[in-house]
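Residues per chain are reported as follows:
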Amino acid sequence: MECFVIQGGKILKGEIEVRGSKNAAMPVLAATLLTKEPSVIDNIPLIEDVKRLLEIIESLGGKVEWVGKRKVRINPKNLNFKKIDQSLVKKLRASVLLIPSLLHHFKKFKLAQPGGCLIGVRSIDAHLDALSQLGVKVRKTSTFYYYNGANIHNGEVILKEFSVTATENILMLASLTPGKTILKVGALEPHVEDLVIFLKKMGAKIKVISPHAYEITGKKKLSGASHKIIPDPIEAGTFMILAAALRSKILIKNVRLDHLDLVIKKLEEIGVRINIRSNRGLYFNILMLPSYNLSGIKIQTQPYPGIPTDLQSPFGVLATQVNGTSIIFDTMFDGRLKYIDELIKMGANAIIADPHRALITGPTPLYAQDINSLDIRSGISLVIAALLAKGETVIKNAYQIDRGYERIDERLKRLGADIKRIEQ
């Protein structure tokens, strides 16, 4: 197991660039299998989850060719389901995004139950319910889901919750299902929009007809396409919160401000100084300035354009450094607050009121401890905490952080962080 060893207490300084969005790359890569023609995807984040998904595509017989440092060409012409590596499927939550393509290619198949982050109850019931509304039959055993798409049809789908991946799955499935499908209670997150843009390049007909409702007119065939993944709003927001917590002057490059409206507003409400600099169209550079006398706040996660659940834990770490009591309310997952137990070990004044709510009072100094990275987002939050803490912190299970953040140790070193990766 690899660990991060961090000597905290340093003020950071310099520039850091936002990489491609993990949450956009996964569905877009999965969507390349909706056709038999090759597609080229650019601005791929070089992270473990992307590598695992590409390995699954290769195990299916898809040809994956790197044509640039972050650009991949995928040719799905010769897919063969018998070759799929189910052991990889079990490890990757995003493997559920392969369901639409597999239904259209093979009609009947089985997939291992997906893995992923340990952030509470994450059943795929919303997916299965949505798929059933379009005629897909699913049978579950203790280890596999058996899918039957022999009678897929168009129609109306009402999601039972604001599920991003269920939205993405229906958008992909309906794009190749002749006739008109209406999807209601659909997610509108930036990475869903990015998938829609890619599907349209492939020839799909999709439009938003009202808030959280899509109209998809299915086609018999889609084409290959070229696409560039959006910069990651979660990574951008994480770097902004890191700079605020460490009172550091950091220039964050390649940011889509329109994806972070409420995040920026909340940071400014806390008292964080943010200087928006040069831009290239929709892409901005943001200069984070050292900020003092920060105030406590309520952070409540909501579907986009609300505060994303993936930024809740970085905000929780920031709450240990502001004046007063902050309320952290994660409305989505009942395991997202487990990182607070690690913060308490480090000296945070925090109370977990219930699986969804916590109270954090600051400012409090944090002290080095051996702590455990539980999932992607709690992991990066504990990196921020370790950078704040006095002494040497060891963060176990660095792999969890690598799943979502490209070579974060090397990038933080360039800002002046004392961080190294070791085998343990």
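Above: the structure in question.
Below you will find a few notes about this structure. Remember, predicted model here, so these are calculated numbers, not experimental data. (Residues numbered from 1 in each chain as written. Predicted model: local features only at pLDDT ≥ 70, side-chain atom pairs only at ≥ 80, totals over all residues. Heavy atoms only, no water.)

## Focus on the overall build of the chain
A count of helices and strands for the chain gives 14 helices and 23 strands. By the compact-globule yardstick of 22 Å for 424 residues, the chain fits well, its C-alpha radius of gyration being 21 Å. Once the C-alpha set of the chain is aligned to its principal axes, its extents read approximately 60 × 45 × 45 Å. Here the contacts in the chain between residues at least 6 apart in sequence split such that 74% fall between residues at least 24 apart. In the form shown here, the chain has an accessible surface area of approximately 16,700 Å², with 49% of it arising from carbon and sulfur atoms. In the chain, the 60 positive side-chain charges and the 41 negative ones have mean positions that sit 5 Å from each other. (Helix = DSSP H or I, 4+ residues; strand = E, 2+ residues; numbered from the N terminus. Rg over C-alpha atoms; globule rule 2.2 N^0.38 Å. Contact = heavy atoms within 4.5 Å. Areas by Shrake-Rupley, 256 points an atom, 1.4 Å probe, with all protein chains shown as cover. Lys, Arg positive; Asp, Glu negative; His and termini not counted. Charge placed at Lys NZ, Arg CZ, Asp CG, Glu CD.)

## Overview of the environment of Tyr 145
Counting through the fold element by element, Tyr 145 comes out in strand β8 (residues 144-148). The class for Tyr 145 is buried, based on a relative accessible area of 5%. Aside from chain neighbours lying at most four places away, what touches Tyr 145 is Phe 109, Lys 110, Leu 111, Gln 113, Pro 114, Ile 124, Leu 128, Val 138, Arg 139 and Lys 140. (Buried < 20%, exposed > 50% of the residue type's maximum accessible area, 1.4 Å probe, protein only.)

## Describing the packing of aromatic side chains
Evaluation of the coordinates by the stated rule reveals five aromatic pairs. Aromatic pair Tyr 145 and Tyr 147: ring centres 6.3 Å apart, planes at 35°, arrangement tilted. Per residue, the accessibility class of Tyr 145 equals that of Tyr 147, and both read buried. Aromatic rings pair up to connect Phe 81, Phe 106, Phe 109, Tyr 145 and Tyr 147 into one cluster. One residue, Arg 139, lies across the ring of Tyr 146, its end atom 4.3 Å from the ring centre. Sitting above the plane of the Tyr 283 ring, Arg 256 keeps its charged end 5.9 Å from the centroid. (Phe/Tyr/Trp six-rings, centres within 6.5 Å; stacked < 30°, edge-to-face > 60°. Lys NZ or Arg CZ within 6 Å of the ring centre and 35° of its normal.)

## Let's talk about a nonpolar patch on the surface
Among the surface-exposed residues, Ile 327, Ile 351 and Leu 359 lie close enough to one another that they form a single nonpolar patch of about 240 Å² accessible area. By the secondary structure assignment, Leu 359 is in strand β20 (residues 357-362). Owing to a relative accessible area of 37%, Leu 359 belongs among the partly exposed residues under this scheme. (Patch = residues over 30% accessible without salt bridge, like charges linked within 9 Å, V, L, I, M, F, W, Y side chains within 5 Å. Salt bridge = Lys/Arg side-chain N within 4 Å of Asp/Glu carboxyl O.)

## With respect to the side chain of Gln 321
Position of Gln 321 relative to the elements: it lies in the loop between α10 (312-319) and β18 (324-329). Since its relative accessible area comes to 12%, Gln 321 is described here as buried. Engagement of the side chain of Gln 321 in a polar contact is seen with the side chain of Thr 320, the distance being 2.9 Å. A distance of 3.0 Å separates a polar atom in the side chain of Gln 321 from the backbone oxygen of Thr 364. With residues up to four places along the chain from it excluded, the contact list for Gln 321 reads Ala 245, Arg 247, Pro 363, Thr 364, Leu 366 and Leu 388. (Polar contact = N/O pair within 3.5 Å; in protein donor to acceptor, adjacent residues only side chain to side chain.)

## Thoughts on the pattern of salt bridges
Applying the stated criterion across every chain, the model contains 21 salt bridges. Two residues, Arg 19 and Glu 406, come together in a salt bridge whose shortest N-O distance is 3.8 Å. With a gap of 387 residues between them, Arg 19 in the loop between β2 (13-17) and α1 (22-31) and Glu 406 in the loop between α13 (398-402) and α14 (408-413) connect regions that are remote in the sequence. Pair check on accessibility: Arg 19 and Glu 406 agree, each one buried. Measuring nitrogen to oxygen at the nearest pair gives 3.5 Å for the salt bridge that ties Arg 377 to Asp 310. Pair noted here: Arg 377 is in helix α12 (residues 376-388) and Asp 310 is in the loop between β17 (298-300) and α10, with a separation of 67 residues, a long-range link. Overall, Arg 377 belongs to the buried group, its relative accessible area being 3%. The class of Asp 310 is buried, set by a relative accessible area of 12%.

## Description of unusual backbone geometry
Look at the link from Tyr 304 to Pro 305: it is a cis peptide, with omega at 15°. Among the secondary structure elements, Pro 305 is positioned in the loop between β17 and α10. A cis amide bond, omega 0°, links Gly 362 with the succeeding residue Pro 363. Turning to its location among the elements, Pro 363 is positioned in the loop between β20 and β21 (370-372). Unusually for a residue other than glycine, Asn 293 sits at a positive phi of about 55°. Tracing the sequence through the fold places Asn 293 in the loop between β16 (283-289) and β17. Under the relative-accessibility criterion, Asn 293 is labelled exposed at 69%.

## Overview of the sheet that holds strand β6 (residues 108-112)
On the basis of which strands lie adjacent, the open sheet formed by three strands has the order β6-β8-β7 and antiparallel pairing. Where the open sheet ends on each side, the last strands, each with one partner, are β6 and β7 (137-140). Between one strand axis and the next, the sheet turns through 20° on average, direction left out of account. Pairing of β6 with β8 involves five bridges; the strand directions are antiparallel. (Pairing = 2+ DSSP bridges. Axes fitted to C-alpha atoms, helices over the stretch in contact; angles between N-to-C directions.)

## Some points on the environment of Arg 139
For Arg 139, the location among the structural elements is in strand β7. Separated by 218 residues in the primary sequence, Arg 139 and Arg 357 have C-alpha atoms spaced 35 Å apart.

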